[in-house]
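A look at the structure
Take a look at the letters that make up each chain.
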Amino acid sequence: MTVARMSEITLNGGEITLLKTIGLSGGLVGGKQLAERMDSMEGAELLDALSGLMTEGYVLSNKVNVRTLDALESASFRVNPVYARDLRGAVYPSRKSKPDAGRRQRRA
């Protein structure tokens, strides 16, 4: 059985930093906490990176429109579990996932 692999995900540095801050495990992060952790990014840059990730469906939010810092702080975010594995490969490219061996083999 051949599994079709999704297309390679390419991210810029801001998006990678944002995904690492949110976490790839699927946990919910409050917008205020996210803004505090991302204090190294300017507000417009943070909103732009977050908007791009949300547009692609990689990040989910409880609010539809997150266009201002006030809206960001009142929202919550998490990584879409559908893309979590592929995003992990894009965020950590040196950690190549092992190919599935199929069935486990018993050692003698």
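Everything in this summary refers to the structure shown in the same document. From a predicted model like this one, the values you see are computed outputs, not experimental measurements.

Before going further, it helps to spend a moment on the overall build of the chain. Within the chain one finds five helices and three strands. Counting from the amino terminus, the chain carries its helices and strands in the arrangement α-β-α-α-β-α-β-α. Within the chain, buried positions represent 34% of all 108 residues. When contacts within the chain are restricted to residue pairs at least 6 apart in sequence, those whose partners lie at least 24 apart make up 57%.

The next thing to look at is the packing of helix H1 (residues 13–22) against helix H5 (residues 84–91). Look at H1 against H5: their axes get within 10 Å of each other, and the N-to-C directions meet at 125 degrees. The angle between H1 and H5 falls in the class oblique. Viewed along their axes, H1 and H5 form a crossing whose handedness is left-handed. Judged by residue contacts, Ile16, Leu19 and Lys20 of H1 engage Leu87, Ala90 and Val91 from H5. In the contact of H1 with H5, the residues fall into five nonpolar, no polar and one charged.

To continue, consider a negative patch on the surface. Residues Glu36, Asp39, Asp70 and Glu73 make up a contiguous surface patch of negative charge. Counting through the fold element by element, Glu73 comes out in helix H4 (residues 69–73).

As judged from the two bridges shared by strand E1 (residues 29–30) and strand E3 (residues 76–79), these two strands associate in the antiparallel manner. Across the sheet, residue Gly30 finds its bridge partner in E3, namely Ser76. With three bridges joining them, strand E2 (residues 59–61) and E3 adopt antiparallel strand pairing. Within E3, the position partnered with Ser61 by the bridge is Phe77.

Parameters and conventions
Positions within a chain are numbered from 1, following the residues in the order the chain's sequence is written. In keeping with the predicted nature of the model, local features appear solely for residues at pLDDT of at least 70, side-chain atom pairs appear and are counted solely at 80 or more, and the whole-chain, interface and lining totals rest on all residues. Water and hydrogen atoms were dropped before computing side-chain values, which therefore reflect all heavy atoms in the structure. Helix and strand labels come from DSSP, where a helix needs a run of H or I of at least four residues and a strand needs a run of E of at least two; each type is numbered from the N terminus. Burial status follows relative accessibility: with a 1.4 Å probe on protein chains alone, a residue under 20% of its type maximum counts as buried, one over 50% as exposed, and anything between as partly exposed. Note on contacts: a residue pair is in contact if any heavy atoms of the two residues lie within 4.5 Å. In this analysis, axes come from line fits to C-alpha atoms, helices being fitted only over the stretch in contact, and the angle between any two N-to-C directions falls in the range 0 to 180 degrees. Angular relationships are summarised with four words: roughly parallel below 35 degrees, roughly antiparallel beyond 145, roughly perpendicular across 65 to 115, and oblique for the angles in between. We call a crossing left-handed when the near helix sits turned anticlockwise from the far one by less than a right angle, and right-handed when that turn is clockwise. Gly falls in the polar group here, along with every residue not listed as nonpolar (Ala, Val, Leu, Ile, Met, Phe, Trp, Tyr, Cys, Pro) or charged (Asp, Glu, Lys, Arg). A patch consists of residues whose relative accessible area exceeds 30% and which take part in no salt bridge; residues with like charges are grouped when within 9 Å of each other, and nonpolar side chains (Val, Leu, Ile, Met, Phe, Trp, Tyr) when within 5 Å. In these tables, accessible area is a Shrake-Rupley quantity obtained with a 1.4 Å probe, and a residue counts as shielded only by the protein chains included in the view. Just to be clear on terms, a salt bridge is a Lys or Arg side-chain nitrogen sitting within 4 Å of an Asp or Glu carboxyl oxygen. All tallies of charge rest on Lys and Arg as positive and Asp and Glu as negative; His and the ends of each chain are not included. Charge positions come from single atoms, namely NZ of Lys, CZ of Arg, CG of Asp or CD of Glu. Should DSSP find at least two bridges between two strands, the strands are regarded as paired.

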